[in-house]
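Here are the chains, one letter per residue:
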2 protein chains.
Amino acid sequence: MANLNYHILSELETMQYIKKIPGLFSETAQLICKEMGDGNLNLVFRITEQDSSEKSVIIKQALPYARVVGESWPLTLDRARIESEALMMQNGICPGSVPKVYHHDKELALTVMEDLSTHIIMRKGLIARNRYPYFAKHIGAFLARTLFLTSDLALDPECKKQKVMQFINPEMCRITEDLVFTDPYYDAKTNQFNPLIKAVVEEIWGHDRLKLEITKLKEGFLTRTQALIHGDFHTGSIMVTEKDTKVIDPEFAFYGPMGFDIGAVIANLLLNYCSHEGHTLIQKERIEYQDYLLNTVEKIWTIFEEEFRTLWKEKARDSYVSLLGYEDDYLLRLLQDSLGYAGCEMMRRVVGLAHVPDLESINDPKLRAKGERLALVIGQQLVLERETAGKISDLTSLIRKVRNREADQD
Amino acid sequence: MANLNYHILSELETMQYIKKIPGLFSETAQLICKEMGDGNLNLVFRITEQDSSEKSVIIKQALPYARVVGESWPLTLDRARIESEALMMQNGICPGSVPKVYHHDKELALTVMEDLSTHIIMRKGLIARNRYPYFAKHIGAFLARTLFLTSDLALDPECKKQKVMQFINPEMCRITEDLVFTDPYYDAKTNQFNPLIKAVVEEIWGHDRLKLEITKLKEGFLTRTQALIHGDFHTGSIMVTEKDTKVIDPEFAFYGPMGFDIGAVIANLLLNYCSHEGHTLIQKERIEYQDYLLNTVEKIWTIFEEEFRTLWKEKARDSYVSLLGYEDDYLLRLLQDSLGYAGCEMMRRVVGLAHVPDLESINDPKLRAKGERLALVIGQQLVLERETAGKISDLTSLIRKVRNREADQD
């Protein structure tokens, strides 16, 4: 259905618009407005009151197209509704974990929300080798609460099916289906990768069992309505201060497999891990930071599991509470799924269209190839061996083993 | 949303109504109308023209309540829309396999469709020990076509997600969730069973691994949008003549696991198999008919698999066609799922609320218990051992083995 009232707002219109939203700024306030998005998918305005640097909000407006796949192509504005509704649901389930939504305008595909100018993008923090002592705790709890409490484990099944319908998100899912699960595994036009790793990429394209396992993981992404997942949970969708963590940008949210979110955050920590193979660093510094990253991965899962088990005790529907063995079985399958999806994410960020700044910021292609090659080896192992994992330390041991083996070969 | 124009039609109104549908009867036709439903869920009118016994139609109107769980409770009229839309989709995919829909009236929750008065309910035919030489062929092909062609294997993923939304069916799914996967596995009020099998039922209630496996199958029913399934595919939802087979009543249709439909038809053939342990029959007759049933089960799967593989070759989306091993892996998992769901269906039809006439028609409770006990043993084995099956003859061998062991114990 055409949305005739939609138009792209100018900075001036934005300032007029915001004054009409009750409770934010007075009619006479002197506002400053700055567009700060990258312009590919959305406009992002920051609006500040001139005499009060404390008072500011973000207006995010979806554009009716996406240039993310290299050419102009129309993209549903409905993602702005999905994003605002997901943010509100996540805030209800895990208060303070996401920016507050002040207002959503369906026709303009626009959301007014909390400004997080005191926070930085987690990925930037990791590239700068910062440490965030509360990050694992916040993210582990966020994952446990948002996944458990939107699943059939906690919700009445009729209510859950209404939410499945509310968050059906076909166009955004297709981007993931293509860019994560399909294109990187053959010589697709959308792919772009460092010419120095061509041999490894071609090995992947010829690896039948790997492609079979990827397709089974894709099948799960296409067909499993396990929980309301964020859908794009990389370290660029997380904003941090030393003490606070906020999850942003859930425009890919839909009912999918829990392990896709857990896997995404693990994979992006591991991509950062791999990048330090290529950055010029003294060895001690590299080792310490890589250890910090692996410890963070372990801690995220450990806290996730603890919180998930607490929720199971306190909030699971009756028929699941007393059932012997289901909780352990569920968590084991979830760990294995998460490793599989982590493997997919690692490979596609090296071979596919969308790369990560962690690796891209290594200027020398030879040094970058070291990190990229390690990411591809780890990614493959995770997909192929996921069903042998029984606990999170199986993952971190595997990473250490693979890293040392690869380093010996250099 | 309240539907203010809905009211329950009388026979007289029905005859006035049908004359307004173009292409069926003339304004002056002398019609005969007979209500022939069981009145629990729906009204079913047959309307015939007085001078032409050839010319007849069925009008099915949903009632706004269901007495199936023992008390009056409101039930969505939306199931009439689901049923008519599923019938039309199935007829498009597998022409002639379902009654033709002539007209659907959303407000009255009413569908005008082809009269199948020359057909009988398959279950009645099986109780009378009839044989239907085309049944396995028709049902195997129906399953393959309806399941494959509504899945992500064949459909564009965006189009498939629209259909998932179109067929979300929370209230009807809840009936299945409760009556098939939950209530039979504890001492629920809805259960009813032959007092003579109480010991076996209590063994089931205390069997932790069995209950774990049932819950995993229930999880699949709750969370897997694999294909548009019929959702209630027992032998009472199939009408036959010697040469023709029609699938009726898809009011439980939704996007769920393929194996649930395949399992339901297999289970209902096996429940009939078990019933012959209790019916008074000369041995040769029993053995021959039971063999016929097992051969039918094998043939359904074999034809299903053949047709599914042909569709894979001809209609699968590009990325699946060339992928080594996925087709075999998919079909193996599907066979195992089907056996698991068959096991659930067999047990719930003996322990739960809704029993099958195949067994219920055995008047002597002791003789009936023989068949019921066999059904429970087979049902448990199917759930517990499903992942050891590699081919359909593993199922039929298991049935023969279990049957002979149980008979020896008598």
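Residues numbered from 1 in each chain as written. Chains lettered and ligands numbered in written order. Predicted model: local features only at pLDDT ≥ 70, side-chain atom pairs only at ≥ 80, totals over all residues. Heavy atoms only, no water.

Visitor: Even after reading the chapter, I still don't get the interface of chain B and chain A, so can you show me in this structure?
Guide: Accessible area lost when the parts come together is the quantity often used to give the size of an interface. Taken together, the 37 residues of chain B in the interface contact 37 residues of chain A. Here chain B and chain A share an interface that buries about 3,400 Å² over both sides, 58% of which is from carbon and sulfur atoms. The interface formed by chain B and chain A includes 10 salt bridges. The salt bridge partner of Lys216 of chain B is Asp329 of chain A, with a shortest N-O separation of 3.5 Å. Counting across the interface, chain B meets chain A through 15 residue pairs in polar contact (both at pLDDT 80 or more). For the side of chain B that touches chain A, the secondary-structure elements that each account for two or more residues are α5 (157-166), α6 (170-182), α8 (208-223), α11 (318-321) and α12 (326-351) of chain B. For the side of chain B that touches chain A, the element with the most residues is α8 of chain B, which contributes 9 residues. For the side of chain B that touches chain A, the class distribution of residues is 13 nonpolar, 8 polar and 16 charged. (Contact = heavy atoms within 4.5 Å. Buried area = accessible area lost by both parts, 1.4 Å probe. Salt bridge = Lys/Arg side-chain N within 4 Å of Asp/Glu carboxyl O. Polar contact = N/O pair within 3.5 Å; in protein donor to acceptor, adjacent residues only side chain to side chain. Helix = DSSP H or I, 4+ residues; strand = E, 2+ residues; numbered from the N terminus. Nonpolar A, V, L, I, M, F, W, Y, C, P; charged D, E, K, R; others polar.)

Visitor: Any chance you could explain the relation of the copies chain B and chain A here in plain terms?
Guide: Both copies of the chain are related by a screw-like operation: a rotation about an axis and a shift along it. Expressed as a screw operation, the relation of chain B to chain A combines 0.0 Å of axial shift with a rotation of 180°, fitting to an RMSD of 0.0 Å. Taken together, the rotation and translation relating the two chain copies correspond to the operation of a two-fold axis. Measuring from the rotation axis to each C-alpha of chain B, the shortest distance belongs to Arg224 of chain B, at 2.4 Å. Here 100% of the contact residues of chain B are again contact residues in chain A; the copies associate through an equivalent surface. (Least-squares fit on C-alpha atoms with pLDDT ≥ 70 in both.)

Visitor: Explain the packing of aromatic side chains here, please?
Guide: The description of an aromatic ring pair rests on the distance of the ring centres and on the angle between the ring planes. All names here are of chain A. One pass over the structure, following the stated rule, counts 38 aromatic pairs over all chains. Between the aromatic rings of Tyr320 and Tyr326, the centroid separation amounts to 5.7 Å while the plane-to-plane angle is 25°, which identifies the pairing as stacked. Among the residues examined, Tyr320 registers a relative accessible area of 4% and is labelled buried. (Phe/Tyr/Trp six-rings, centres within 6.5 Å; stacked < 30°, edge-to-face > 60°. Buried < 20%, exposed > 50% of the residue type's maximum accessible area, 1.4 Å probe, protein only.)

Visitor: When you look at the side chain of Ser338 of chain B in this model, what are you seeing that I'm missing?
Guide: Mapped onto the secondary structure, Ser338 of chain B falls in helix α12. Non-local contacts of Ser338 of chain B, meaning those with residues more than four positions away in its chain, are made with Gly259, Ile262, Gly263 and Trp301 of chain B.

Visitor: Even after reading the chapter, I still don't get the sheet that holds strand β10 (residues 238-240) of chain B, so can you show me in this structure?
Guide: The strands making up a sheet associate through backbone hydrogen bonding, with each pair oriented either parallel or antiparallel. All names here are of chain B. Overall, antiparallel pairing links the 3 strands, which are arranged β8-β10-β11 in an open sheet. Edge strands, defined here as strands with exactly one partner in the open sheet, are β8 (120-121) and β11 (245-247). Bridge count between β8 and β10: 2 bridges; the pairing is antiparallel. For Ile121, the partnering residue across the bridge sits in β10 and is Met239. Relative to the sheet, helix α4 (residues 135-149) contacts β10 and β11, its axis offset from that of β11 by approximately 35°. (Pairing = 2+ DSSP bridges. Axes fitted to C-alpha atoms, helices over the stretch in contact; angles between N-to-C directions.)

Visitor: I'm lost on the domain arrangement of chain A in this one. Help?
Guide: Residue and element names in this part refer to chain A. Domains assigned within chain A are domain 1 (11-114) and domain 2 (120-409). Distance from the C-alpha centre of domain 1 to the C-alpha centre of domain 2: 27 Å. In this assembly, 25 residues from domain 1 lie in contact with 26 residues from domain 2. Surface buried jointly by domain 1 and domain 2 totals about 2,200 Å² across both partners, of which 67% is contributed by carbon and sulfur atoms. Among the residues domain 1 hides against domain 2, the three largest losses belong to Ile82, Met89 and Ile93. Together they make up 25% of the total. Linking domain 1 with domain 2 are 2 salt bridges, by the criterion used here. For Glu251, the salt bridge is made with Arg79, and the minimal N-O distance between the two is 3.3 Å. On the surface where domain 1 and domain 2 come into contact, there are 9 residue pairs in polar contact (both at pLDDT 80 or more). Broken down by element, the side of domain 1 that touches domain 2 gets its largest block of residues, 10 residues, from helix α2 (residues 78-93). (Domains from an automatic or database assignment.)

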